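Single-letter residue listing:
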Amino acid sequence: MGDKAKSSSTSVWPTVKPFANGGASGMLATCVIQPIDMIKVRIQLGQGSAGEVTRTMLKNEGFGAFYKGLSAGLLRQATYTTARLGSFRVLTNKAIEANDGKPLPLYQKALCGLTAGAIGACFGSPADLALIRMQADATLPVAQRRNYTNAFHALYRIVADEGVLSLWKGAGPTVVRAMALNMGMLASYDQSVEFFKDNLGMGEAATVVGASSVSGFFAAACSLPFDYVKTQIQKMQPDAQGKYPYTGSFDCAMKTLKSGGPFKFYTGFPVYCVRIAPHVMMTWIFLNQIQKVEKKIGL
């Protein structure tokens, strides 16, 4: 009986493992990056430069404001990153099997990244909405603030006030943004690992750091325009006549392009890159360390 239970658990673990590892690494990275993410959102909402936003937040709200929305950020990683990293590894493993064990070409890795990003975003969209609203709340007039106390309170209030489907408000741009980010992040990481290890003969630590850096840059460059539109859609509120400023993500993109030109979509790019790249790097580094520990203890 004991052998049967042990066999069952060991057969389940290989399937669950990439999802559990992905979620854990993403949550650990979020704990470190949350303050930079908060500054990035405030910049996109027109609160000023990185320095101005930082000084204003410290003066008016205190240090704790940089971690506002942390519960939503962790919930987002527990859903979004668990799904995207886990599904990416499952997809690439299946593709490698179909390719007779040979390394995948870049376009196949990109397709796996696009698919994994879409899957992850569908699971993580409600937590992402809660995170954006919690981070933007202090920028609203007092009468319009939602005053969510934590991620679960935010989700409860959104369902109670706006309906269940509102949890996926802005899901369209969220999914598109996630597909772009994960195509850049996941495909470039695997490709870079192969290049650094096989072509340059770099060691494990240098390979992980180097590939993580490349992965972070491409993730930021590919995703910021979609992230900008997503943020504008998720934080919008109706005017006195009940009319929203944008009818959808395409309308938002067109109005933004018309009013500010293409570079408007890259508002806050330095901070966004500083936020995305380290988060991506630390996610991969944490994932690598988790895998090493698991290997050491025989998991």
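Residues numbered from 1 in each chain as written. Predicted model: local features only at pLDDT ≥ 70, side-chain atom pairs only at ≥ 80, totals over all residues. Heavy atoms only, no water.

This part covers the overall build of the chain. The secondary structure content of the chain amounts to nine helices and zero strands. Secondary structure elements in the chain, listed N-terminal to C-terminal, are α-α-α-α-α-α-α-α-α. Against the globule reference of 19 Å for 299 residues, the chain gives a C-alpha radius of gyration of 20 Å, in line with a compact fold. Projecting the C-alpha coordinates of the chain onto the three principal axes gives extents of approximately 65 × 50 × 35 Å. (Helix = DSSP H or I, 4+ residues; strand = E, 2+ residues; numbered from the N terminus. Rg over C-alpha atoms; globule rule 2.2 N^0.38 Å.)

Time to look at the nonpolar core. Judged by nonpolar contacts, the single largest core of 26 residues is most densely connected at L181, M185, L186, I276 and W284. For this core, the element with the highest residue contribution is helix α6 (residues 171-199), accounting for eight residues. Contacts of W284, omitting those with residues within four sequence positions, involve L85, M185, L186, Y189, V208, S212 and S215. Grouped together as the second largest cluster of nonpolar side chains are eleven residues, A72, L131, A154 and L155 included. (Core = buried A, V, L, I, M, F, W, Y, C linked by side-chain atoms within 4.5 Å. Buried < 20%, exposed > 50% of the residue type's maximum accessible area, 1.4 Å probe, protein only. Contact = heavy atoms within 4.5 Å.)

Glancing now at the environment of L299. Position of L299 relative to the elements: it lies in the segment after α9 (269-297). For the pair formed by L299 and G184, sequence separation is 115 residues and the distance between their alpha carbons is 30 Å. Once you skip the residues sitting within four places of it in the chain, L299 turns out to touch W13, K17 and E294.

This part is about the pattern of salt bridges. Throughout the structure, instances matching the rule amount to nine salt bridges. Here E61 makes a salt bridge to R42, at a shortest N to O gap of 3.1 Å. A residue pair is termed long-range when its members are at least 10 positions apart, and E61 in the loop between α2 (50-60) and α3 (70-98) and R42 in helix α1 (residues 2-44) qualify at 19 residues. Classification of E61 as partly exposed rests on a relative accessible area of 33%. Of the charged contacts in the structure, one is a salt bridge between E194 and K109, with a shortest N-O distance of 2.8 Å. You can see E194 sitting in helix α6 and its partner K109 sitting in helix α4 (residues 106-136), a full 85 residues away along the chain. Relative accessible area serves as the criterion here: at 26%, E194 is assigned to the partly exposed category. (Salt bridge = Lys/Arg side-chain N within 4 Å of Asp/Glu carboxyl O.)

For D100, which is not glycine, the phi dihedral falls at a positive 60°. Its location among the elements puts D100 in the loop between α3 and α4. Phi at N147 takes a positive value of approximately 55°, unusual for a residue other than glycine. As for its position among the elements, N147 is in the loop between α4 and α5 (151-162).

A word on the side chain of N182. Take N182: it is sitting in helix α6. Residues contacting N182, with those up to four places away along its chain left out, are Y80, R84, G113, G117 and A187.

What follows deals with the packing of α6 against α9. Orientation of α6 relative to α9, taken along the N-to-C sense of each, is 50°, at an axis distance of 12 Å. Put simply, α6 runs oblique to α9. Between α6 and α9 lies a crossing whose hand is right-handed. Contact residues: α6 offers R177, L181, M185, L186 and Y189, while α9 offers Y272, R275, I276, V280 and W284. Taken together, the residues that form the contact of α6 with α9 break down as eight nonpolar, no polar and two charged. (Axes fitted to C-alpha atoms, helices over the stretch in contact; angles between N-to-C directions. Parallel < 35°, antiparallel > 145°, perpendicular 65-115°, else oblique. Left-handed = near helix turned anticlockwise from the far one by under 90°. Nonpolar A, V, L, I, M, F, W, Y, C, P; charged D, E, K, R; others polar.)

Before going further, it helps to examine the UniProt feature "repeat: Solcar" (unreviewed entry) in the chain. When the UniProt feature table is mapped onto this chain numbering, "repeat: Solcar" (unreviewed entry) sits at residues 13-94, 104-195 and 203-293. The span residues 13-94 carries 83% helix and 0% strand; its end-to-end C-alpha distance comes to 17 Å. The span residues 203-293 is 76% helical and 0% strand by assignment, and the distance between its end C-alpha atoms comes to 18 Å. (UniProt positions renumbered as here; feature names shortened; annotations may be inferred.)

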